[in-house]
Amino acid sequence: MPRLFTALEIPRDAALSLSLLRGGLPGARWIDVENYHLTLRFFGDLEGHMADELANALDRVRRPSFTMKLSGVGAFGQKKPRSIWAGVSASPDLHALQGEIESICRRLRLPPDPRKFAPHVTLARLKNANALDVAAYLSARGNFASVPFTAGRFVLMSSRTSIGGGPYIVEEAWPLMGGEKDRRSSLANNASEASRIMW
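This is a predicted model, so every value here is computed, not measured. (Residues numbered from 1 in each chain as written. Predicted model: local features only at pLDDT ≥ 70, side-chain atom pairs only at ≥ 80, totals over all residues. Heavy atoms only, no water.)

**With respect to the packing of aromatic side chains**
- What the rule picks out here adds up to four aromatic pairs.
- Ring centres of F5 and Y168 lie 5.6 Å apart, and the angle between their planes is 90 degrees; on these two criteria the pair is classed as edge-to-face. Of this pair, F5 sits in strand β1 (residues 3-9) while Y168 sits in strand β10 (residues 168-175), placing them 163 residues apart in sequence. Side by side, F5 and Y168 carry an identical accessibility label, which is buried.
- With centroids separated by 5.2 Å and ring planes inclined at 25 degrees, the aromatic side chains of F154 and W174 adopt a geometry described as stacked. In this pair, F154 is assigned in strand β9 (residues 153-159) and W174 in strand β10, connecting sequence segments 20 residues apart. Take F154 and W174: they sit in the same class, and that class is buried. (Phe/Tyr/Trp six-rings, centres within 6.5 Å; stacked < 30°, edge-to-face > 60°. Helix = DSSP H or I, 4+ residues; strand = E, 2+ residues; numbered from the N terminus. Buried < 20%, exposed > 50% of the residue type's maximum accessible area, 1.4 Å probe, protein only.)

Laid out in structure tokens, this is it:
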């Protein structure tokens, strides 16, 4: 059973900026560029009928597309760092989208996510990394910022258990209103009905 989560994809230009942060840190296992994403809500392993219920509920999300920018770098795990991430500039629209997805989870009685939403893109997983090395890496790259980009859709992704996560598969996608994909939303909706998630 794959693990499911909703996410925003990272477009090519921003992903290229992130890729320049790779390297220079012993003990880091860098995430492949094509696997960069911003997790909105992690669901874990869901039975097929519950995955369908979730997808049906997400069909009704109507949010505007919005501009966002990646900014700054940090690490999770202070004394024993476990991952490196790029942060996101303040975005009320991003938090509103995530909040609506969280409300859907409560309505469907999905288990709550114990972690508070902290938007980020994971760049590397760390194994036995020295905290001083991590601090030096972060200090040298603290002024990182990507070009602004438009979030035109959000997706339901799946991943199989593997080292470092991934490969990630887009199971379904929903346009944000006014986004590039919105013009084709009726076609996408028809296609999604025909190919509802099946496990």
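**As for the sheet that holds strand β3 (residues 37-45)**
- Taking strand neighbours across the sheet as the criterion, the four strands line up as β3-β1-β9-β10 in an open arrangement whose pairing is antiparallel. A strand with exactly one partner marks an edge of an open sheet, and here the two such strands are β3 and β10. Neighbour-to-neighbour, the strand axes of the sheet open up by a mean angle of 25 degrees, direction not taken into account.
- Judged from the seven bridges that link them, β9 and β10 form a sheet pairing that is antiparallel. By the bridge assignment for β10, S158 is matched with I169.
- Together, β1, β3 and β9 form the strand contacts of helix α3 (residues 92-107), whose direction differs from that of β3 by roughly 10 degrees. (Pairing = 2+ DSSP bridges. Axes fitted to C-alpha atoms, helices over the stretch in contact; angles between N-to-C directions. Contact = heavy atoms within 4.5 Å.)

Fair warning: the whole summary comes from geometry, so function is off the table for now.
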